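Commentary on secondary and tertiary structure
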Amino acid sequence: SIHSRARVRKNNEAKSKGRHTGHGKRKGTAEARLPVKVMWMRRQRVLRHLLRRYRDAKKIDKHLYRELYLRCKGNVFKNKRVLMEYIHKAKAEKSRDKHIADQFEARRMKNKATRERKAVRAEERRAVDVKVEEAKKEEKPAEEVKPKAEKAEKTKAEKPKAEKTEKKTEKKKAAKK
């Protein structure tokens, strides 16, 4: 005789949708029906598979992989979605830290270049000041060597010019009157 499993398949399909599984239909304990160990193994396999895929795709580096692997083993992530969120957060934080570090490095380099430019300019100014000082020192002895008589002659030559201009102004005043 033919033994049909059609009704069994139909019933199992309904059970997969959650029908016929209430308290009245249960004979074994929760642990007997689906052991915690089996759920743990399934979850670990899912999480480790995800980590492996991300590492192979270069989405996470080996250091983050190892850290997350141990966290999975330590029961930190209850499902795949939580693990993925943690990975995205960790990557965002890492990129932000790298960006900040790059900015800091750029600022340091800029400040260093500015300091060097200032030092070069200060050095140039010092060199110019030294040259000016040397030039002044060379000019002073030349003036000191000139005899005082020449200076006196200059003042005498200036006096007649002043007298002539005074006379001219007096003549102009007289002409106006």
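Residues numbered from 1 in each chain as written. Predicted model: local features only at pLDDT ≥ 70, side-chain atom pairs only at ≥ 80, totals over all residues. Heavy atoms only, no water.

Each pair of aromatic rings is reported with the distance of its centres and the angle of its planes. Considering all chains together, one arrives at two aromatic pairs under this definition. Measuring from centroid to centroid gives 5.9 Å for Tyr65 and Tyr69, while their planes differ by 40°, and the two rings are tilted. Separated by four residues within a single helix, Tyr65 and Tyr69 lie in helix H4 (residues 62-73), roughly one turn from each other. No difference in accessibility class separates Tyr65 from Tyr69, as the two residues are buried. A cation sits over an aromatic face here: Lys59 above Tyr54, 4.8 Å from the ring centre. Between the NZ or CZ atom of Arg66 and the centre of the ring of Tyr69, over which it lies, the distance is 4.9 Å. (Phe/Tyr/Trp six-rings, centres within 6.5 Å; stacked < 30°, edge-to-face > 60°. Helix = DSSP H or I, 4+ residues; strand = E, 2+ residues; numbered from the N terminus. Buried < 20%, exposed > 50% of the residue type's maximum accessible area, 1.4 Å probe, protein only. Lys NZ or Arg CZ within 6 Å of the ring centre and 35° of its normal.)

This brings us to helix H3 (residues 36-56). Between its terminal C-alpha atoms H3 stretches 30 Å, which fits the 30 Å expected from 21 residues at 1.5 Å a residue. Within H3 the residues assigned to the buried category are Gln44, Leu47, Leu50, Leu51 and Tyr54. The arc that holds every buried residue of H3, seen down its axis, measures 130°, which confines them to one face. In H3, the exposed positions angled more than 90 degrees off the buried face are occupied by Lys37, Arg42, Arg45 and Asp56. (Expected span 1.5 Å × (residues − 1). Arc of directions from axis to C-beta.)

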